[in-house]
Amino acid sequence: MFKNFLVTALRNLKRNKVYALLNIFGLALGIGCALVIFKVITYELSYDKFHGNYDQIYRVVRNDIYPDGVQQGSGVPHPLGVAIRNDISDVKELVRTHYSYGDQVNTIDKYGNLVKHDIESGIVFTEPELLEVFDFEILYGNAKNALETPNQVVISRDMVKRLFGDIAVADAIGKELNLANKVDLSVGAVMENVSKNTVLPFEIMISYNSQKDYNIYYGDGKRWNSTSGSTNNFLLIDNPDKVASVNQQLKDLVIKYKGEEAAEKLEFYLQPMSEVHFDGRFDNYESRSISKSMLMALGIIGLFLVITACINFINLATAQAVKRSKEIGIRKAIGVGKRLLITQFMSETFIITLISVIFALAIGELLLYNLVDVLGYSLHLDMISQPKIIVFVILVTVFVSALSGFYPSFLLSRLNTILALKNKLSGVQKGGGISLRRALVVIQFAISQVLIIGTLVVGAQMDYFYSKDLGFSRDAIITTYLPENNNSKTEVFRNKMQESSLIQDVTFSLAPPRGNSNSFSNFNNARTNSEDDFHANFKAVDHRYIDFFNLELLAGRKLKANDSSNYAVINRKVFDLLGLEDPEEALGLVFTTGFNGPAKIVGVVENFHTNSLRDKLDYVFLVHDPNFFYEVSFKFNTDQNGMADVQASINHFEKVWEEVYPEYLFSFEFYDEQLARAYQDEKRIATLFQLFSAIAIFIGCLGLYGLISFIASQRLKEIGVRKVLGATVWNILNIFSRELIYLLIIAFVIAAPLSFYFMNEWLADFEYRISLGATYFIVALMASLLIAIITVGYKTYFTATVNPVISLKDE
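Being a predicted model, the structure only gives us computed values, none of them experimental. (Residues numbered from 1 in each chain as written. Predicted model: local features only at pLDDT ≥ 70, side-chain atom pairs only at ≥ 80, totals over all residues. Heavy atoms only, no water.)

**Side note on the pattern of salt bridges**
Moving on, step 1. Summed over the entire model, instances satisfying the criterion amount to 27 salt bridges.
Moving on, step 2. Close ionic contact of E120 with R162 constitutes a salt bridge, the shortest N to O distance being 3.3 Å. Note that E120 is positioned in strand β5 (residues 114-126) and R162 in helix α6 (residues 157-164), a separation of 42 residues in sequence.
Moving on, step 3. Accessibility expressed as a relative area gives 54% for E120, which makes it exposed. (Salt bridge = Lys/Arg side-chain N within 4 Å of Asp/Glu carboxyl O. Helix = DSSP H or I, 4+ residues; strand = E, 2+ residues; numbered from the N terminus. Buried < 20%, exposed > 50% of the residue type's maximum accessible area, 1.4 Å probe, protein only.)

Have a look at this one:
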């Protein structure tokens, strides 16, 4: 019997090639996208689960409480970990980590030559307890001893090849290297490469106390008032019931070591390891997070795509009922029962689904290959090593076969035998079939419109990010980190750079206005009428900074080269706290600060953004302090057409760098590209919306084609009669258009409020955002209408131009 079903199904597919192709292609696209989304979701959810203690690991995070709100962070003071070890018995194990992201590493090759390596990420200072809390596979050497001994290092297998070339991994033990021309190290152990799905991307692990020669903020490791976002504490707690107790004891620690007054403004508490990758409120060492709500949204989109493909199948299958009515009538006439007919049609559906799944695997692999830049990582549908994919494929195959096949099978099996033999399907209409098909197309339209609106809103927010005036100049600027904090060298560097007419200006600072390095401290003034201090971004800058970045001076003067750090230029947000009307009135006021003592105000500038547009404006103090100059920025000279000789400018930059800093690698970054990187997550979302919207729309178009085919077949004689009575092709086109517009409007009524709610929720995460106006919804409706008209236009026109003699012929 199965062989008969298979032969019949294949024969039917061969006879209706276009129908089969549309069905297979539509299902393959929907299932392929669902596979990609499933793979992405399972990858994101797998972060750090390879650690055996995953469910027992917590990270210490903090709340800094200020009069205008709470600042959240993951950085803690260096001595906190020691205090937890000494004072909190409920903690089974603790490890301190200080992540330096990347830096220059020097080695000596086999010919005795110095080789400089630019290590972009993966350098961490840590303790031997890391091996107790987390699972890092050690291949060679004594990693525990290496992390206990100053100036020892544990490196990954890949890092061995990168630093020392083609040597046996075991031979790396004892090899010497130098970090940032500051710290001499020797390899004490080699570990296996760390998985990519981790917030601990460690490739070079150095003993924690070795950072005293590298990190000037470390000092002796005992300063409670110095906090870096790169310093994290991870705790192992074997009983979740102890978490509340540890949180309370962390509060007691603040009182003990910093005092009761400090405890009112600072709170430490535990964050489960399972939340580190998903909680965007706090940084992590991977500098990337994704919310679980976003993963859920992706999952819903994947489900929508599969449902859209199934609806498309149903519409096309029922449209074929007209052509198969005689076949069904003959089968029923010779005694084939309803159950056997249902089995026959379900078998056909299963075969089509199975073929679609095979193509879907190829489509999914192709999509993953082309989405590497969007996702930021590479994934593959590796079914052999990942049984989850096999289970998912089986479940999708069963789900799609059942959802797609049940209604058409039930519909066709219940056709009246006599009407089927006469090729009349009025029985279908009595069952409400056409109404159900309309409902299915409305669902397709609604899904498409939700995705179109989402695409428009996300795209508009991205354009807003890139085009909004940030309050400073960002074009034709190159930035790079200074390898040394040496005042004499910085002035030599500035003078040599400005010897070229290609360079317009040079400035030194802790960071550009919107930069990766920031120094925060407290401030206050009697005019704020607040007993509690406020929190400000203290930017160490030189005397050229304000002009270089075109900050708007509202009152007073700019900083001078001979100003001490006790003179400051504040932004308007600080001025607004004073309750004054004219910025000139702020000049001469003195603020108490935790940066370098009191600061006298010599100028006021307009607000500018120091964070991404997700966040509020900072209070900002610009101070002249060469001790904190860690970045240099230079601006190109442009001609009358606004063009600059970029390559020649970079060549000059490199020449000067080699003269002033010959022992350091040359590197740079265009400032506008650095700013754009702040919105990578949003860019990924926008790209995925665009991709899946286009696919959903395309699949929906196939479904529309099926519906119009069905309607056209049902109303062929009616159209013939209308043409005989004088109706034009345009009149007939209007008949189908009215049907289409009716369905579109119903879909829009469903899609608009849903889209408004979800996109409003998404935009709520941004402090600066677009207004969710009616334009996006109107454009989505018009776009849907245009796409639908184009889709059904050909079929409608073909039906309308059929000779009435043919359409009225009675068979």
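**Brief notes about helix α18 (residues 487-497)**
Moving on, step 1. If you check which residues of α18 are buried, you get T490, F493, R494 and M497. End-on, the buried residues of α18 take up no more than an arc of 100°, which puts them together on one face.
Moving on, step 2. For α18, the elements touching its buried residues are β15 (503-509), β23 (631-636) and α21 (646-660). (Arc of directions from axis to C-beta. Contact = heavy atoms within 4.5 Å.)

**Some details on the packing of helix α3 (residues 80-87) against helix α7 (residues 243-258)**
Moving on, step 1. Running from N to C, α3 and α7 point in directions that differ by 115°, and their axes come no closer than 11 Å. By the angle class used here, α3 and α7 are roughly perpendicular. Helix-helix and strand crossings are classified by hand; for α3 and α7 the assignment is right-handed. Contacts between α3 and α7 pair L80, A83, I84 and D87 from the former with Q249, L250, L253, K256 and Y257 from the latter.
Moving on, step 2. In the contact of α3 with α7, the residues fall into six nonpolar, one polar and two charged. (Axes fitted to C-alpha atoms, helices over the stretch in contact; angles between N-to-C directions. Parallel < 35°, antiparallel > 145°, perpendicular 65-115°, else oblique. Left-handed = near helix turned anticlockwise from the far one by under 90°. Nonpolar A, V, L, I, M, F, W, Y, C, P; charged D, E, K, R; others polar.)

**Details of the confidence of the model for the protein chain**
Moving on, step 1. Averaged over all residues, the pLDDT of the protein chain is 86; the fraction at 70 or higher stands at 87%.
Moving on, step 2. Considering only residues more than four positions removed or in separate chains, one finds that residues 426-433, a stretch of pLDDT under 50, has 10 contacts. (pLDDT = per-residue confidence, 0-100.)

**Let's talk about the packing of aromatic side chains**
Ring pairs (aromatic) are described by centroid distance and by the angle formed between their planes.
Moving on, step 1. According to the stated counting rule, one finds 46 aromatic pairs in the structure shown.
Moving on, step 2. Here Y208 and Y218 contribute two aromatic rings whose centre-to-centre distance is 6.0 Å and whose plane-to-plane angle is 80°, an arrangement assigned as edge-to-face. Of this pair, Y208 sits in the loop between β10 (204-207) and β11 (227-228) while Y218 sits in the loop between β10 and β11, and the two are 10 residues apart along the sequence.
Moving on, step 3. In textbook terms, an aromatic cluster arises when at least three aromatic residues are bridged by ring pairs, as seen for F493, F508, F634, F636, F653, W657, Y661, F666, F668 and F670. (Phe/Tyr/Trp six-rings, centres within 6.5 Å; stacked < 30°, edge-to-face > 60°.)

**Comments concerning the pairing of strand β9 (residues 183-191)**
Moving on, step 1. Taken across its nine residues, β9 has eight buried, putting it largely inside the fold.
Moving on, step 2. Bridge analysis of strand β6 (residues 138-141) against β9 gives three bridges, and the strand direction is antiparallel. Across the sheet, I138 pairs through a bridge with M191, a residue of β9.
Moving on, step 3. The pairing of strand β7 (residues 152-156) with β9 spans five bridges and is parallel. Residue pairing in the sheet places S156 in a bridge with M191 of β9.
Moving on, step 4. Here strand β8 (residues 176-179) runs beside β9; their pairing, made up of four bridges, is antiparallel. (Pairing = 2+ DSSP bridges.)

**Points about unusual backbone geometry**
Moving on, step 1. Even without being glycine, Y101 reaches a positive phi, approximately 60°.
Moving on, step 2. Of note, Y101 is situated in strand β4 (residues 93-108).
Moving on, step 3. With a relative accessible area of 29%, Y101 lands in the partly exposed category.
Moving on, step 4. At A180, a position not held by glycine, the phi torsion is positive, near 55°.
Moving on, step 5. Looking at the secondary structure, you find A180 in the loop between β8 and β9.

**Points about the sheet that holds β15**
Moving on, step 1. Taken together, four strands build an open sheet; the order of strands is β15-β23-β14-β24 and the sheet is antiparallel. On the outer flanks of this sheet lie β15 and β24 (669-670), each paired with one strand and no other.
Moving on, step 2. Both strand β14 (residues 477-481) and β24 contribute to a ladder of two bridges, which runs antiparallel. Directly across from I478, in β24, lies its bridge partner F670.

**So, the nonpolar core**
In globular proteins that are soluble, nonpolar side chains generally tend to be buried together.
Moving on, step 1. Counting residues in each nonpolar core, the largest one holds 125 residues, and the members touching the most others are F134, F202, M273 and L622.
Moving on, step 2. Looking at this core element by element, the count peaks at 16 residues for helix α2 (residues 17-45).
Moving on, step 3. Ranked by size, the runner-up nonpolar core spans 43 residues in total, among them I503, L578, L580 and F628. (Core = buried A, V, L, I, M, F, W, Y, C linked by side-chain atoms within 4.5 Å.)

**Points about a negative patch on the surface**
Moving on, step 1. A contiguous patch of negative charge on the surface is contributed by E581, D582, E584 and E585.
Moving on, step 2. Along the chain, E585 falls in the loop between α20 (572-576) and β20 (590-593).
Moving on, step 3. Owing to a relative accessible area of 42%, E585 belongs among the partly exposed residues under this scheme. (Patch = residues over 30% accessible without salt bridge, like charges linked within 9 Å, V, L, I, M, F, W, Y side chains within 5 Å. Areas by Shrake-Rupley, 256 points an atom, 1.4 Å probe, with all protein chains shown as cover. Lys, Arg positive; Asp, Glu negative; His and termini not counted. Charge placed at Lys NZ, Arg CZ, Asp CG, Glu CD.)

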